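# Structural overview for review
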Amino acid sequence: MAGAIASRMSFSSLKRKQPKTFTVRIVTMDAEMEFNCEMKWKGKDLFDLVCRTLGLRETWFFGLQYTIKDTVAWLKMDKKVLDHDEELVQEITQHLFFLQVKKQILDEKIYCPPEASVLLASYAVQAKYGDYDPSVHKRGFLAQEELLPKRVINLYQMTPEMWEERITAWYAEHRGRARDEAEMEYLKIAQDLEMYGVNYFAIRNKKGTELLLGVDALGLHIYDPENRLTPKISFPWNEIRNISYSDKEFTIKPLDKKIDVFKFNSSKLRVNKLILQLCIGNHDLFMRRRKADSLEVQQMKAQAREEKARKQMERQRLAREKQMREEAERTRDELERRLLQMKEEATMANEALMRSEETADLLAEKAQITEEEAKLLAQKAAEAEQEMQRIKATAIRTEEEKRLMEQKVLEAEVLALKMAEESERRAKEADQLKQDLQEAREAERRAKQKLLEITTKPTYPVSLAAGSPLPPDIPSFNLVGDSLSFDFKDTDMKRLSMEIEKEKVEYMEKSKHLQEQLNELKTEIEALKLRERETALDILHNENSDRGGTSSKHNTIKKVPSLLSFTDQDSH
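Residues numbered from 1 in each chain as written. Predicted model: local features only at pLDDT ≥ 70, side-chain atom pairs only at ≥ 80, totals over all residues. Heavy atoms only, no water.

## A short note on the overall build of the protein
Filter applied, for reference: Helix and strand assignments follow DSSP, with helices taken as H or I runs no shorter than four residues and strands as E runs no shorter than two, numbered in order from the N terminus. The rule is simple: take the accessible area with a 1.4 Å probe, protein chains only, and divide by the maximum for that residue type; under 20% is buried, over 50% is exposed, in between is partly exposed. Only the protein chains shown count as covering a residue, and every accessible area follows the Shrake-Rupley method with a 1.4 Å probe.
Scanning the protein for helices and strands turns up 12 helices and 14 strands. In the protein, which comprises 572 residues, the proportion classed as buried is 40%. As presented, the protein carries roughly 34,100 Å² of accessible surface, and 51% of it is formed by carbon and sulfur atoms.

## Some remarks on the environment of L521
Just so we agree on the cut-off: We call two residues in contact when some of their heavy atoms are within 4.5 Å.
Its place among the elements puts L521 in helix α10 (residues 493-525). In this structure L521 touches E115, V118, R166 and W170, once residues within four positions along its chain are discounted.

## Thoughts on helix α1 (residues 43-54)
Stated precisely, the cut-off is as follows: Expected span of a helix: the number of residues minus one, times 1.5 Å.
A rise of 1.5 Å per residue sets the reference length of α1, with its 12 residues, at 16 Å; its end C-alpha atoms lie 17 Å apart and thus fit the reference within 8%. By the burial criterion, the buried members of α1 are G43, L46, F47, L49, V50 and C51.

## A short note on the environment of D436
You can see D436 is positioned in helix α9 (residues 399-455). Of the residues examined, D436 reaches a relative accessible area of 23% and is grouped as partly exposed. Spatially, the C-alpha atom of D436 lies 9.2 Å from that of A367, the residues being 69 residues apart in sequence.

## Examining unusual backbone geometry
Although it is not a glycine, E108 adopts a positive phi angle of roughly 65°. Residue position: E108 is located in the loop between α2 (94-106) and α3 (114-129). Positive phi, close to 60°, is recorded for D247, a residue that is not glycine. Looking at where D247 falls in the secondary structure, it is placed in the loop between β10 (240-246) and β11 (249-254).

## Considerations on the nonpolar core
Our working definition: Here, nonpolar core refers to any group of buried Ala, Val, Leu, Ile, Met, Phe, Trp, Tyr and Cys residues whose side-chain atoms link them within 4.5 Å. Reported domain spans reflect what an automatic or database domain assignment gives.
Of all hydrophobic cores here, the largest spans 46 residues; its most connected members are V101, I105, W163, I167 and Y186. Contributing elements (two or more residues each) for this core: α2, α3, α5 (160-171), α6 (179-190) and α10. No other element matches the 9 residues that α3 contributes to this core. Residues from two domains meet in this core; each of domain 2 (91-191) and domain 3 (200-291) gives at least three. Listed in part, the 27 residues of the second largest apolar core include W237, L269, I275 and I280.

This is the structure we're talking about:
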């Protein structure tokens, strides 16, 4: 990781415990530890103990840093620990380093533009909460989280809900990334910020002009004190032949002998010593990253690949288990729905059966009554016929009697005819009722058959047995008096320059999509910016962007043919 050659240390008391031992207290971002050390121990002994305790193997990325008399310095490996009056705090793992960088950005020790702040916040949320789930991560779930620098929040007329909405929109796109992957993406973006990994020192050139010297993993940079974002001159490590100091004067000799030597003065001798230590450490890391991996590094990379593959398989196994659970739940819900539907159908069938039975009983009763009425009418018709015959046989001789008799006969005939028609109608009605009764009994039979089919249908239990198995997932240097020199030898600088250029081209290709995303968000929130609240760094960053620059520190590495003109004039 560019700029991460050492974890940050602060120093406090080292108390003596026994005549032959003393205690060192180490405080990380979420733990405190104490180590018993021997009085004769040197810096390397303590550094090795810390590395072994915390499981650190890539020790070349780290060192012990402390503060003494308002000056940041590095614990010397060949010097006794008790000669350093301090307390140690070390960031070792990727997680702790992520927390440290995140805190520096939120504390505004590293300048971060607003659009990049939102993207970094989305990766921080992914690292903490895992994949986005709308049913769990509802509106307001980030209300108590510190995710953006206060400078960014105050720069726009946006409510916390509006910021949360934009962070969540990007957070949802990070689905599938584990915590370590999200933290690594955070660090990859953060390392491209202009102030990331740069140690600044106040210096003066030969004419007494105040300047800033920046030391990082890419090289040495000279800044105007009012602009820590864009260096005026940069010296890449592959273009430096020698760096040295004598008392308070520090000298940088470029590889190209046609370019004049650059000299400057620092405030204190110990500052020059610190600068040289940082240069040696950064240059050593710069060269190490461009050499063939040692056997130890190859083993660590192989182990890292195996661990990554193992985690990938574990994530796939968990994803399969989750999918199986979801499918089982869907199957269960479907079976429950079908069971409820069958119960409703059975209830409806029972009700229909009961109605059919009641209808059949009513029809049977009505048919019986109609049949009895038909029989009674038939009997009455027969009696009427008999009465007519008797009347005819006993005709009265008188005219009046005959007329009366004829009238009675006529009435009897009419009554007999009506009774015959009524008897016929009743007979037809009885036949119709018998047919309706037969149809009702047939409907009753079909209803009983359907009920029998429903009650005897096979069920489909959900197989969710608890026991069912689930699928697997330095270089050495000599200090004489107050002078020290360090030469960069045995390096193919031309090959390194070509490699660096290649790295820059590859990096620009990879960052193209990311830059498009950041520009899109920047355009979206630009209308809400309160320009009167812009800081000096905001204005400098915008000017750089308007000139067509990007935040990539690859673009700040410049050739130094203008070095001579720079050293001959004052900086403003």
